[in-house]
Amino acid sequence: MDDGPDAVNPWPSSISCSIDGRYIIASWKDVYMSSDYGRTWIKNADLNDISYVSMSASGKYIAAVGKSTRHLSSDYGETWSSMPFIYGKLAIISSGIPI
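First, a word on scope: everything that follows refers to the structure included in this document. Remember, it's a predicted structure, so these values are computed and weren't measured experimentally. (Residues numbered from 1 in each chain as written. Predicted model: local features only at pLDDT ≥ 70, side-chain atom pairs only at ≥ 80, totals over all residues. Heavy atoms only, no water.)

1. What about the sheet that holds strand S5 (residues 50-55)?
Put simply, the rule reads: One bridge is not enough; two strands pair if DSSP finds at least two bridges between them. Numbered from the N terminus, helices here are DSSP runs of H or I no shorter than four residues, and strands are runs of E no shorter than two. Here an angle of 0 to 180 degrees is reported between the N-to-C directions of two axes, which are lines fitted to C-alpha atoms, with helices fitted over the stretch in contact.
The sheet built from 4 strands is open, its strands ordered S5-S6-S7-S8 with antiparallel pairing. What marks the edges here is a single partner per strand, and that holds for S5 and strand S8 (81-83). Neighbour-to-neighbour, the strand axes of this sheet turn through a mean angle of 25°, independent of strand direction. Sheet topology places strand S7 (residues 70-73) next to S8; 3 bridges connect them, and they run antiparallel. Opposite His-71, over in S8, you have Ser-82 as the bridge partner.

2. Describing the nonpolar core
Heads up, the rule is: To form a nonpolar core, buried Ala, Val, Leu, Ile, Met, Phe, Trp, Tyr and Cys residues must be joined to one another through side-chain atoms within 4.5 Å. Only protein chains enter the calculation, and the probe is 1.4 Å; a residue is then buried if its accessible area is under 20% of its type maximum, exposed if over 50%, and partly exposed in between. For this analysis, residues touch if any pair of their heavy atoms sits within 4.5 Å.
Among the nonpolar cores identified, the biggest contains 11 residues, and these are Tyr-23, Ile-25, Val-31, Met-33, Leu-47, Ile-50, Val-53, Met-55, Ile-62, Ala-64 and Trp-80. Secondary-structure elements contributing two or more residues to this core are strand S3 (30-34), S5 and strand S6 (62-66). With 3 residues, S5 is the single largest residue contributor to this core. Residues contacting Ala-64, with those up to four places away along its chain left out, are Leu-47, Ile-50, Tyr-52, Val-53, Thr-69, Arg-70, His-71 and Trp-80.

3. Observations concerning the sheet that holds S3
In a beta sheet, neighbouring strands pair by backbone hydrogen bonds and run either parallel or antiparallel. Read across the open sheet, the 4 strands follow the order S1-S2-S3-S4; overall the sheet is antiparallel. Both outer strands of the open sheet, strand S1 (14-17) and strand S4 (42-44), are each paired with one neighbouring strand and no more. Direction aside, neighbouring strands of the sheet carry axes that sit 20° apart on average. Bridging between S3 and S4 involves 3 bridges; their strand directions are antiparallel.

4. Here's the deal with the packing of aromatic side chains
What counts here: Stacked, tilted and edge-to-face are the three classes applied to pairs of Phe, Tyr and Trp rings, where Trp contributes its six-membered ring and a pair requires centres within 6.5 Å; stacked means planes under 30 degrees apart, edge-to-face means over 60, and tilted covers the rest.
With the rule as written, the count across this model stands at 2 aromatic pairs. When the ring of Trp-28 is compared with that of Tyr-32, the centres are 5.6 Å apart and the planes differ by 85°; the resulting orientation is edge-to-face. Note on accessibility: Trp-28 and Tyr-32 belong to one class, buried.

5. Remarks on the pattern of salt bridges
Test applied: Here a salt bridge means any side-chain nitrogen of Lys or Arg lying within 4 Å of a carboxyl oxygen belonging to Asp or Glu.
Under the defined criterion, the tally for this structure stands at 1 salt bridge. Note that Lys-43 is salt-bridged to Asp-30, the shortest N-O span being 3.4 Å. Of the two residues, Lys-43 sits in strand S4 while Asp-30 sits in strand S3, which places them 13 residues apart along the sequence. You can call Lys-43 partly exposed: its relative accessible area is 29%. The buried category is assigned to Asp-30, whose relative accessible area is 19%.

And the structure:
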């Protein structure tokens, strides 16, 4: 990983994966993603100060929630769209609908 975990905070605040484990997303304020079962990780430069992530069973749909932001992806995290903030956590069902 680039600069994900550190000695002070070695564990992510949130982690989610596809049902087969191929796609994984984790947040340490910054968001890191893997599409190869966790062998390699890429930092997502567009998502900062994220405290909660959720992924559909296929990995295609992903949600990321911060203190004042909410983002959704429908293409395995390739692109993201911002949504109005709603207090609370967010989950993704297999159809990609956030709940």
